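What follows is the residue order along each chain.
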Amino acid sequence: MSGSQGVTALCENPTEVFLDVSKLLITYADNILRNPNEDKYRSIRIGNPTFSTKLLPVKGAVECLFEMGFEEAETHLVFPKSASVERLRQVRETIAAERDQRLGASKAASSQQSARVPPSAAPPTLPSASSAGSASASAAAVPTPAPAALPFTEDQSSSVTFLRTLQSNFQHVLIYESPELQQKALNCIPHELLITRAKERLKQAKDADPACTLGEEDMLVLDLLQWFKGDFFSWVDNLPCSRCGGATQPSGSLPPSNDDLRWDAGRVENHYCHTCQLSTRFPRYNHPEKLLESRKGRCGEWANCFTLLCRALGLEARYIWDSTDHVWTEVYSQSQRRWLHCDPCENTCDKPLLYEVGWGKKLSYILAFSKDQVVDVTWRYSCKHPEVLSRRTQVQETWLLRTLNGLNATRQQSLGAERKQQLLQRLLVELVEFISPKTSTSGELGGRVSGSLAWRVVRGETGASNTEGDAQECVFIPTKSEKQNKLFHICYNIIKNCYFRQSNGQETISGWQRGAWRTENMFRKEEQDWQMVYLARTEGSSFGRISWKFNCAPVGMKIKSASVRAFSQTFHSGSIRWSLRSAETTIEFPGDGELHSSSSLSGGKELIVEAELTGGEGEVSWQHTQLFRQSLKDTQKVLFEILVEMEES
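Residues numbered from 1 in each chain as written. Predicted model: local features only at pLDDT ≥ 70, side-chain atom pairs only at ≥ 80, totals over all residues. Heavy atoms only, no water.

1. Description of the overall build of the chain
Heads up, the condition is: Counting from the N terminus, the helices are DSSP H or I runs at least four residues long and the strands are E runs at least two residues long. With a 1.4 Å probe rolled over the protein chains alone, any residue whose accessible area is under 20% of its type maximum counts as buried; one over 50% counts as exposed, and the rest are partly exposed. Residues are treated as being in contact if the distance between any of their heavy atoms lies within 4.5 Å. In this description, accessible areas are obtained by the Shrake-Rupley approach with a 1.4 Å probe, and a residue is regarded as covered only by the protein chains that are shown.
Scanning the chain for helices and strands turns up 18 helices and 29 strands. By residue count, 50% of the 649 residues in the chain fall in the buried class. Taking as baseline every contact in the chain between residues at least 6 positions apart, the subset at least 24 positions apart corresponds to 70%. Accessible surface for the chain amounts to roughly 29,400 Å². Of this, 48% is attributable to carbon and sulfur atoms.

As structure tokens, this is what we get:
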């Protein structure tokens, strides 16, 4: 059968394996062909022992089911009513023809020779039913082709190095399970605020799709990512000089102090200021407790701290290690019954092809570490499986599989039968997912095009925006009551990080981004030492921009007058340009906290308020332009508001 890659792959198995599996595949097909109206024959449970131990580990077997017309449905493979029975019959006949040919050849061969097969030619042993009873038994069996197809170029020391990496990461993730440490992490999280935002997101999802089955936990993950990047953690390339605040250059390493070693910082970078001839130390802390205090670093620190916060919130999370020098987190979605890729550095969720397609990384090994299990998840993050496979030369595939199984068997000794079964079911679902490489669409950084409308809506992936910067744009349109009162009035409180729509029954919108029209290089900064908060440019950026948009044309109104109050501060050579504009007119005004009114916008239909931040000095220039700077103790003060009086168009 032309174009049947699954059958072609299946035929590459040794005859004994092929005959065993082809018999199962033909049985699945015949059950449907003979009983087309029986639903029970159209569904195969992934956790079924026959499927999981006899068929799942064999190259090409599950691909044949997909080619027959079966589709993934969480814990089952399903042959839908809309699938082509003729296509099913064609694949079945192709497999049957190959099976008949091999059976004939086998009988002819058996009459001419006895069983003098050399050990090297013996077919591979499939996992037994008993070995499949633990989640570790099938850890990497499905997506990995026969080990013989892989070159092995490294000596034994490579395996030892790889094993140490596995053991180190597997041991490290146990730190996240400390009740005391989880409590410290919880104390850093604005839990109630995130829950409120999560509930709002869930409502938005259900409004978009009444059949939405997503859970509040899914939304909590999205809001945790946004808060972590926007408000909690900061990226470090080079630290500013501790004396003059100027730029530093990396200059090798410094010996770690006893305190550094206490917090597992065996490496200390030397950031040297040539002006002051002074070294500023940057310990690379690996203990998440210290990271709750320092709140800075690169991807290692970000993923380390973020994974702890997930566990503190009760989310099942695992630490993802990529051998090409990146780390991130995965969180298990109970409602979607799958693991979600979460990169706190990027504020990105469920875009596993980001690295290979978006960044152009040449992937080889990606492993997931949780308190109960280590899993090879490389295939989730790649749509180029053959290329990845050709680069997996550090250790042999058989060695990796045995090693992961051994680590899991040891770790899971104390687990109850129910938990082991749960881990097995999840793993089987993952393995089926790994078989078929993902595809990315033009213009997507590997983001999913699958998933419910609700899930795509709350993650800004419906395709409604033209650019990445517009993904969360908000345009205020007068409500019925605002039209009646001919007044639009909105305030932003930076302490509560909420917009209050005064003329609409005190409606609240949580999150500074969710009320903005467009933002570029902006984030919300909390200074815990000074107990201050403000909006600023992202660290390392030369400019930032944020704007808010109001449009009354859709309700048949026009602007009579507009007023804006905004407070901003600059330091050194920092500059902030505030403007108020319509389609015809642009007016600049100072961010001095006073109410500035204008009737020159009268007759217009839309209004845009914008702040552009530039200038500043040295490595901390981003901090020299601040919007709405305010004490964390001053919870009621409002430093930004917009009032628009309207009249009939």
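2. Digging into the side chain of Arg-380
For Arg-380, the location among the structural elements is in the loop between strand S14 (374–376) and helix H14 (385–391). Sequence-distant contacts of Arg-380, defined by excluding residues within four places in its chain, comprise Arg-318, Glu-330, Trp-339, Pro-352, Leu-353, Glu-430, Glu-433, Phe-434 and Lys-438.

3. Focus: the packing of helix H9 (residues 216–232) against helix H12 (residues 299–312)
Rule in force here: Comment: axis = line fitted to C-alpha atoms, over the contacting stretch for helices; angle = value between 0 and 180 degrees taken between N-to-C directions. Convention used here: angles under 35 degrees read as roughly parallel, angles over 145 as roughly antiparallel, angles from 65 to 115 as roughly perpendicular, and any remaining angle as oblique. When the near helix sits turned anticlockwise from the far one by under a right angle, the crossing is termed left-handed; a clockwise turn instead gives a right-handed crossing.
Interaxial distance between H9 and H12 falls to 11 Å at its minimum, and their mutual angle equals 130°. Between H9 and H12, the crossing angle belongs to the class labelled oblique. The way H9 lies across H12 gives a crossing that is right-handed. On the side of H9, the interface is formed by Leu-224, Leu-225, Trp-227, Phe-228, Lys-229 and Phe-232, while H12 contributes Trp-302, Cys-305, Phe-306, Leu-309 and Cys-310.

4. With respect to the packing of aromatic side chains
For clarity, the threshold we go by: Any two of the Phe, Tyr and Trp rings considered here, Trp counted by its six-membered ring, make a pair once their centres fall within 6.5 Å; the pair's planes then place it as stacked at under 30 degrees, edge-to-face at over 60, or tilted in between.
Summed over all chains, the structure comprises 29 aromatic pairs. Taking 4.3 Å as the distance between ring centres and 25° as the angle between the ring planes, the aromatic pair formed by Trp-328 and Tyr-355 counts as stacked. Of this pair, Trp-328 sits in strand S10 (residues 326–333) while Tyr-355 sits in helix H13 (residues 354–358), and the two are 27 residues apart along the sequence. On the basis of relative accessibility, which here comes to 0%, the residue Trp-328 falls in the buried class. Three or more aromatic residues joined by ring pairs make a cluster, and in this case those are Trp-227, Phe-228, Phe-232, Phe-233, Trp-235, Trp-302 and Phe-306.

5. Quick look at the pairing of strand S20 (residues 522–527)
Along a regular strand, successive side chains alternate from one face of the sheet to the other. Keep this limit in mind: At least two DSSP bridges between two strands are needed for those strands to be called paired.
The buried fraction of S20 amounts to five of the six residues, a majority that puts the element mostly inside the structure. By the bridge criterion, six bridges tie S20 to strand S21 (residues 532–537) in an arrangement that is antiparallel. Directly across from Lys-525, in S21, lies its bridge partner Tyr-534.

6. Comments concerning helix H15 (residues 397–411)
Stated formally: A helix's residues, less one, multiplied by 1.5 Å, set its expected span.
With 15 residues, H15 extends 21 Å between its outermost C-alpha atoms, agreeing within 8% with the 21 Å of an ideal straight helix rising 1.5 Å per residue. Looking only at H15, the buried set comprises Glu-397, Trp-399, Leu-400, Thr-403, Leu-404, Asn-405, Leu-407, Asn-408 and Arg-411.

7. Quick look at the nonpolar core
The line we're drawing: Residues belong to a common nonpolar core when they are buried Ala, Val, Leu, Ile, Met, Phe, Trp, Tyr or Cys residues joined through side-chain atoms within 4.5 Å.
Core analysis: the largest hydrophobic core is formed by 59 residues, its most contacted members being Phe-162, Leu-166 and Phe-228. In terms of nonpolar packing, the next biggest core, distinct from the first, is built from 53 residues, Ala-61, Cys-64, Met-68 and Leu-427 among them.

8. Overview of the environment of Tyr-355
Basically, it comes down to this: Pairs of N or O atoms within 3.5 Å make up the polar contacts considered here, provided that, within protein, one atom can donate a hydrogen while the other can accept it, and that residues adjacent in sequence are counted only when both atoms are side-chain atoms.
Judged by relative accessible area, Tyr-355 falls into the buried class, the value being 0%. Taking the C-alpha atoms as reference, Tyr-355 lies 7.5 Å from Tyr-381; in sequence the two are 26 residues apart. In terms of polar contacts, Tyr-355 uses its side chain to reach the side chain of Asp-343, at 2.7 Å.

9. Here's the deal with the confidence of the model for the chain
The following threshold applies: Note: pLDDT gives the predictor's confidence per residue, expressed from 0 to 100.
Residues of the chain with pLDDT of at least 70 account for 85%, and the chain-wide mean is 82. No element of the chain has a lower mean pLDDT than helix H17 (residues 453–458), which averages 47, and none a higher one than strand S13 (residues 366–369), which averages 97. In the model, residues 113–155 has pLDDT below 50 throughout and makes 68 contacts with residues more than four positions away in sequence or in other chains. Counting contacts from residues 458–471, a segment whose pLDDT is below 50, to residues more than four positions away or on other chains yields 20 contacts.

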